[in-house]
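# Structure at a glance
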Amino acid sequence: MEALIRGWQQLQRMLLPWRCLLCGAAGGEGMDLCAGCAAELPRNHRCCARCALPLPLPAALCGECLRRTPPWDAAWAPFRYLWPLDRLESRFKFSADLAAGRCLSTMWQGQPRPLAQPQLIVPVPLHRKRLRQRGYNQALELAKPLARAWNIPLRHDVLQRQRATDAQTELDARARRRTVRNAFAVRQGLPLPAHIVVLDDVMTTGATLAECVRVLKRAGAGRVDVWVLARAPRH
């Protein structure tokens, strides 16, 4: 069976070679992204240790975390939401480009991960109306390969989005917090492990993730971390 799978994969590479989604050059092994473009994806090596906000120099706490402590216990964002990652993410999230999503998830798997491995990954849910419009939850699609690769249980039904919320792109941090307040609930009767990760694609102000973390902790979760593909710089 393994020989048959390898043969099929080789045939696929011959008939449908990998092509970089950004520049059109030959893609890397198993990915529609060339080595040059993959190297250009902006890593988030210098950031706030508490909220992963990109900074000129690493810091234990950024100014925002000093003013308002986030409810999560740790945050991990291996990339910054800048060119060219933002282009791939936009294509994945808004243009149904699942190949771009596979590239992003593959790149995510290749980054050094936190030492503390969670007992469960919970993707941020979409409201059913938004899910019908988009056809998939981008956070869940990013989470699936990570969970498989790292042997971490994944559940998409732990958090439920109780009401639809307006687009938050043009809102400031305070307005975003108001928008998502009481927007999430934990499924009733579901036992929660001691260490959970809430996973999303991009963190801007962190309002959505913070609300998810709060409801999980109120439901009995002990430690809740947040993992996002990319953290947006503060402008």
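In this report, the structure presented in the accompanying data block is examined. (Residues numbered from 1 in each chain as written. Predicted model: local features only at pLDDT ≥ 70, side-chain atom pairs only at ≥ 80, totals over all residues. Heavy atoms only, no water.)

### Structural notes on the pairing of strand E7 (residues 223–231)
Rule in force here: The buried label goes to any residue with under 20% of its type's maximum accessible area, the exposed label to any with over 50%, and the partly exposed label to all in between, with areas taken from a 1.4 Å probe on protein chains only. Strands are runs of DSSP state E lasting at least two residues, helices are runs of H or I lasting at least four, and both sets are numbered from the N terminus onward. Two strands qualify as a pair provided DSSP detects at least 2 bridges between them.
Burial runs high along E7: eight of the nine residues are buried. Bridging between strand E1 (residues 75–76) and E7 involves two bridges; their strand directions are parallel. Pairing of Ala-75 across the sheet is with Val-226, part of E7. Where strand E2 (residues 79–80) and E7 come together, two bridges link them in parallel fashion. When the bridges of E7 are listed, Phe-79 appears paired with Ala-230. Judged from the eight bridges that link them, strand E6 (residues 195–203) and E7 form a sheet pairing that is parallel.

### Side note on the pattern of salt bridges
Heads up, the condition is: For this analysis, a salt bridge means a side-chain nitrogen from Lys or Arg found within 4 Å of a carboxyl oxygen belonging to Asp or Glu.
Applying the stated rule across the entire model yields nine salt bridges. With a shortest N-O distance of 3.3 Å, Glu-141 and Lys-144 are connected by a salt bridge. Note that Glu-141 and Lys-144 are positioned in helix H7 (residues 138–150) at a spacing of three residues, about one turn of the helix. Its relative accessible area of 28% is what places Glu-141 among the partly exposed residues. Overall, Lys-144 belongs to the partly exposed group, its relative accessible area being 32%. Measuring nitrogen to oxygen at the nearest pair gives 3.0 Å for the salt bridge that ties Asp-225 to Arg-223. The exposure class of Arg-223 is partly exposed, given its relative accessible area of 32%.

### Description of the packing of helix H5 (residues 98–109) against H7
The axes of two packed helices give the description: the angle between them and the distance between them. So the rule is basically this: Here, axes are lines fitted to C-alpha atoms. For helices the fit covers the stretch in contact, and angles between N-to-C directions go from 0 to 180 degrees. In this scheme the handedness of a crossing depends on how the near helix is turned from the far one: anticlockwise by less than a right angle means left-handed, clockwise means right-handed. We call two residues in contact whenever any of their non-hydrogen atoms come within 4.5 Å of each other. Note that Gly is not counted as nonpolar here; it falls among the polar residues with everything else outside the nonpolar set of Ala, Val, Leu, Ile, Met, Phe, Trp, Tyr, Cys and Pro and the charged set of Asp, Glu, Lys and Arg.
Remark: H5 packs on H7, axes separated minimally by 9 Å, with the N-to-C direction vectors making an angle of 35°. Between H5 and H7 the crossing geometry is right-handed. Between H5 and H7, the residues in contact are Gly-101, Leu-104, Ser-105, Trp-108 and Gln-109 and Leu-142, Pro-145, Leu-146, Ala-149 and Trp-150, respectively. Of the residues assigned to the contact of H5 with H7, the class counts are seven nonpolar, three polar and no charged.

### Some details on the side chain of Asp-97
Under the convention used in this document: In protein, a polar contact requires one atom able to donate a hydrogen and another able to accept it; more generally it is a pair of N or O atoms within 3.5 Å, and residues adjacent in sequence count only if both atoms are side-chain atoms.
Position of Asp-97 among the secondary structure elements: in the loop between helix H4 (85–94) and H5. Of note is the side chain of Asp-97, whose polar atom sits 3.3 Å from the backbone nitrogen of Ala-99. Dropping the residues within four chain positions of it, Asp-97 is found in contact with Arg-91, Phe-92 and Tyr-136.

### Some thoughts on the environment of Arg-161
Turning to its location among the elements, Arg-161 is positioned in strand E4 (residues 159–161). Accessibility expressed as a relative area gives 15% for Arg-161, which makes it buried. Residues Arg-161 and Val-186, 25 residues apart in the sequence, show an inter-C-alpha distance of 8.9 Å. Within the local environment of Arg-161, its side chain forms a polar contact with the backbone oxygen of Pro-125, the two atoms lying 3.0 Å apart.

### Concerning the pairing of E6
To keep it simple, the criterion reads: Think of it like this: strands point away, you trace from the first strand over the helix to the second, and a clockwise trace means the crossover is right-handed.
E6 sits mainly inside the fold: nine of its nine residues count as buried. Relative to E6, strand E3 (residues 120–123) runs parallel, the two sharing four bridges. Paired with Leu-120 across the two strands is Ile-196, which belongs to E6. With helix H9 (residues 207–218) bridging E6 and the parallel E7, this β-α-β connection has right-handed handedness.

Purely geometric stuff here, so don't read any function into it on its own.
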